[in-house]
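# Geometric and topological summary
Residue strings, one per chain:
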Amino acid sequence: MKGFSILSIWVFLLLLEGLLCASDSSVVNPCCYYPCQHSGVCVRFGTDRYECDCTRTGFYGENCTVPEFWTRIRFMLKPSPAVVHYILTHFQWFWDLINRSFLQDTFMRFVLTVRSDLIPSPPTYNTKYGYLSWESYYNLSYYTRLLPPVPKDCPLPMGTKGKPDLPDPKVLAERFFKRKKFRPDPQGTNLMFAFMAQHFTHQFFKTKHGAHEGLTKALGHGVDASNIYGDDLMRQFQLRLHKDGKLKYQLVNGEMYPPLVSEAPVHMLYPKNVPQDQRLAIGQEVYGMLPGLTMYATIWLREHNRVCDILKAEHPTWDDEQLFQTARLIIIGEIINIIIEEYVQQLSGYRLKLKFDPTLLFNARFQYSNRIALEFCHLYHWHPLMPDSFLIDGDDIPHSQFHYNTSLLMHYGIEKLVDAFSRQPAGQIGGGHNSHEVVLKVAELVIRESRAVRMQPFNEYRKRFNLKPYSSFYEFTDNVEMARGLEELYGDIDALEFYPGVLLERTRPSSIFGESMVEMGAPFSLKGLMGNPICSPEYWKPSTFGGETGFNIVKTSTLKKLVCLNTKWCPYVDFHVPRNEEEAKPRKPSTEL
């Protein structure tokens, strides 16, 4: 009996220890459930208690779910994003009237403020800190982020929903991203747009791959034209001519092109098989990869030097440095103007004519600063835009002969490249099954990086941008096979990852992508563009740009003028494929612009 009692006590103690251990392991961080709604902040107390900070959200209650009086009124009157988008993309007769009246400014101001207000300024979180900290604000080496990371102690990769293991990125890319048949963008977007998307964004999207902490190599967090001038003073020094404010160049058949690396010894990423006489020196080290990027680099090089000639004629006493610095401000202004009035216009499909006018915000509460967010960087991987091959002057060039082939630039000339890229349709970005196999690895890389930095689920970002979260994969996509496959791999719609969410979501009717990409991407874009220092009251005046002549270059800039003032003849140039035969005819020579 005595032995039995000792044995019983020993077994009892083991069971008790097991129960205690089980109890401890079952305690889940309550913030893993994402309980705080409407941008409320989850703060953990002890092991199993949390509080939601609902300050200035317009809601109150345990989980920030009870609307305040004016919030309730606003929600009753506010149309859904789908209704707003429908109105903005239809009723041409109505928008024709608005675009010709003083109401255009009112609508444009509304678009800018509503979109920009969704982006916090100053920045909030980064990958290292899932709470507000001085480091998150001060350390520019990090991308900022809108939502904090998934807590490390959550029971599942995406919090508390889904399966214990996330699907293999390679499987996701092959099953849902890989192109079956090229699907052109129904909005008529072309390759001129596609290459501008890459050329424009790579001045501030410079992820430090392998760091796994959301780090960026970019010194600036916005439109700084570093893709033209280099992202540090040493690179800029090597690219400058140090005479009349100009950039270095080489003449080929009497035409201006970027210099060779041997003449401007900057670091460029070229494969070993690229001949030395084809290695062009450009502000961004990867821009030798695609002729579409070297085309834009050449156009902006010519434009900078053209502007320098104009400034020197008006200011003969200015030295090289002042000519260069002022020309750079003009170029930045031209970039922002073209991006808003033509690039974003094409992307949005809006009937409202978008307008670049910084004075619209001078009486609004607006901060002239910007930080690039990790979410913005990830959602902007629009590789489905790329076609199966490139049609230039009657030649069909496959990817294998296009990549790192800078000789195409001189062989065809800027005019023929612009004309060809303006006429060839780009692919539809959203909906899945439209990424060429040569870019599938990029999708895999983005997914892996999003996991390394523990990005929250797609539906949590839907909530952050005031969108209704999806209740099932069958609501998320109209492709039943895709819905079934995603459900099989993720187990729960609330476990779907951010990047697959924005790329695979069903597209809006006759649109380039789905609701989420528009409603999430537009706020980042417009806040970054209008938050540029040149848009501030202190900068936005003639003297900043060398006088009225320089100021007018900025205010009247267009894609057509950018190209045709820097080419021998004016090709068809637009971000939209030709709409009719008349539009596709050769344009006026550059001297008549």
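Residues numbered from 1 in each chain as written. Predicted model: local features only at pLDDT ≥ 70, side-chain atom pairs only at ≥ 80, totals over all residues. Heavy atoms only, no water.

With the rule as written, the count across this model stands at 40 aromatic pairs. Here Phe356 and Trp540 contribute two aromatic rings whose centre-to-centre distance is 5.3 Å and whose plane-to-plane angle is 70°, an arrangement assigned as edge-to-face. Placement of the pair is Phe356 in the loop between helix 12 (320–348) and helix 13 (374–379) and Trp540 in the loop between helix 21 (515–530) and helix 22 (548–555), with a sequence separation of 184 residues. Of the residues examined, Phe356 reaches a relative accessible area of 8% and is grouped as buried. The class for Trp540 is buried, based on a relative accessible area of 9%. One aromatic cluster is present, built from ring pairs that chain together Phe193, Phe200, Phe204, Phe205, Tyr343, Phe376, Tyr380, Trp382, Phe465, Phe513, Phe524 and Phe575. If you follow Arg240 out to its NZ or CZ, it ends over the ring of Phe324, 3.9 Å from the centre. The aromatic ring of Phe366 is capped on one face by Lys527, whose charged end is 5.4 Å from the ring centroid. (Phe/Tyr/Trp six-rings, centres within 6.5 Å; stacked < 30°, edge-to-face > 60°. Helix = DSSP H or I, 4+ residues; strand = E, 2+ residues; numbered from the N terminus. Buried < 20%, exposed > 50% of the residue type's maximum accessible area, 1.4 Å probe, protein only. Lys NZ or Arg CZ within 6 Å of the ring centre and 35° of its normal.)

Turning next to the pairing of strand 2 (residues 49–53). In terms of strand pairing, strand 1 (residues 41–45) meets strand 2 through five bridges, oriented antiparallel. Bridged to Val41 within strand 2 is Asp53. Remark: three residues form the turn of the hairpin made by strand 1 and strand 2, two consecutive strands paired antiparallel; Gly46 in that turn has positive phi of roughly 65°. (Pairing = 2+ DSSP bridges.)

Moving on, we come to the state of the cysteines. By the definition in use, this model includes five disulfides. The disulfide that involves Cys31 links it to Cys42, with 2.0 Å between the sulfurs. Since a negative S-S torsion denotes a left-handed disulfide, the Cys31-Cys42 link at about -85° is left-handed. Here Cys42 lies in strand 1 and Cys31 lies in the loop between helix 1 (2–25) and strand 1, a separation of eleven residues in the sequence. We classify Cys31 as buried; its relative accessible area is 11%. (Disulfide = S-S within 2.5 Å.)

Let us now look at the pattern of salt bridges. If you walk through the whole model with that rule in mind, you get 23 salt bridges. Between Lys355 and Asp105 there is a salt bridge, with the nearest N and O atoms lying 2.7 Å from each other. Taken together, the positions of Lys355 in the loop between helix 12 and helix 13 and Asp105 in helix 5 (residues 103–116) put the pair 250 residues apart, joining distant regions of the chain. For Lys355, a relative accessible area of 24% corresponds to the partly exposed category. Given the relative accessible area of 23%, Asp105 is considered partly exposed. In this structure, Asp320 and Arg240 form a salt bridge, with 2.8 Å as the shortest nitrogen-oxygen distance. Linking Asp320 in helix 12 with Arg240 in the loop between helix 10 (233–239) and strand 5 (250–252), this pair joins segments that are 80 residues apart in sequence. (Salt bridge = Lys/Arg side-chain N within 4 Å of Asp/Glu carboxyl O.)

Right, let's talk about the packing of helix 4 (residues 92–99) against helix 5 for a bit. It is the contact of helix 4 with helix 5, at a shortest axis distance of 7 Å, that shows an interaxial angle of 105°. Judged by the inter-axis angle, helix 4 sits roughly perpendicular to helix 5. From helix 4, Trp95, Ile98 and Asn99 reach across to helix 5, where they touch Leu103, Gln104 and Phe107. The class makeup of the residues in the contact of helix 4 with helix 5 is four nonpolar, two polar and no charged. (Axes fitted to C-alpha atoms, helices over the stretch in contact; angles between N-to-C directions. Parallel < 35°, antiparallel > 145°, perpendicular 65-115°, else oblique. Contact = heavy atoms within 4.5 Å. Nonpolar A, V, L, I, M, F, W, Y, C, P; charged D, E, K, R; others polar.)

Taken as a whole and assessed by the stated rule, the structure comprises eight cavities of 30 Å³ or more. Approximately 260 Å³ is the volume found for the largest cavity. What lines the largest cavity is a set of 20 residues, among which Val344, Leu347, Val518, Gly521 and Ala522 lie closest to the centre. Of all the secondary-structure elements, those providing two or more residues to the lining of the largest cavity are helix 5, helix 12 and helix 21. (1 Å grid on protein atoms, 1.4 Å probe; cavity = no way out; pocket = protein on both sides within 12 Å on 5 of 7 lines; lining within 4 Å. Points joined across faces, edges and corners; volume = space filled by probe spheres on them.)

Grouped together as the largest cluster of nonpolar side chains are 148 residues, with contacts concentrated most on Met192, Met295, Tyr343 and Trp382. The leading source of residues in this core is helix 12, at 14 residues. Among residues more than four places away in sequence, those in contact with Tyr343 are Phe193, Met196, Ala197, Ile338, Tyr380, Trp382 and Phe575. Cys36, Cys54, Phe59 and Cys64 belong to the second-largest nonpolar core, a separate cluster that totals five residues. (Core = buried A, V, L, I, M, F, W, Y, C linked by side-chain atoms within 4.5 Å.)

So, on to the pairing of strand 7 (residues 389–392). As judged from the four bridges shared by strand 7 and strand 8 (residues 395–398), these two strands associate in the antiparallel manner. Residue Phe390 lies in a different strand from strand 8, and its bridge partner there is Ile397. Linking strand 7 back to strand 8 in an antiparallel pair, the connection comprises two residues, with Asp393 at a positive phi of about 50°.

A cluster of nonpolar side chains, contributed by Val83, Tyr86, Ile87, Phe91, Trp93 and Leu97, occupies part of the molecular surface with about 610 Å² of accessible area. Counting only elements with at least two residues in the nonpolar patch, the list comes to helix 3 (81–89) and helix 4. Here the element with the most residues in the nonpolar patch is helix 3; it accounts for three residues. With respect to the secondary-structure elements, Val83 resides in helix 3. (Patch = residues over 30% accessible without salt bridge, like charges linked within 9 Å, V, L, I, M, F, W, Y side chains within 5 Å. Areas by Shrake-Rupley, 256 points an atom, 1.4 Å probe, with all protein chains shown as cover.)

With that settled, the discussion passes to the side chain of Thr294. Mapped onto the fold, Thr294 is located in helix 11 (residues 291–314). For Thr294, a relative accessible area of 0% translates into the label buried. From its side chain, Thr294 meets the backbone oxygen of Pro291 in a polar contact 3.0 Å long. When neighbours within four sequence positions are excluded, Thr294 is seen to be in contact with Leu280, Ile282, Tyr287, Gly288, Thr406 and Leu409. (Polar contact = N/O pair within 3.5 Å; in protein donor to acceptor, adjacent residues only side chain to side chain.)

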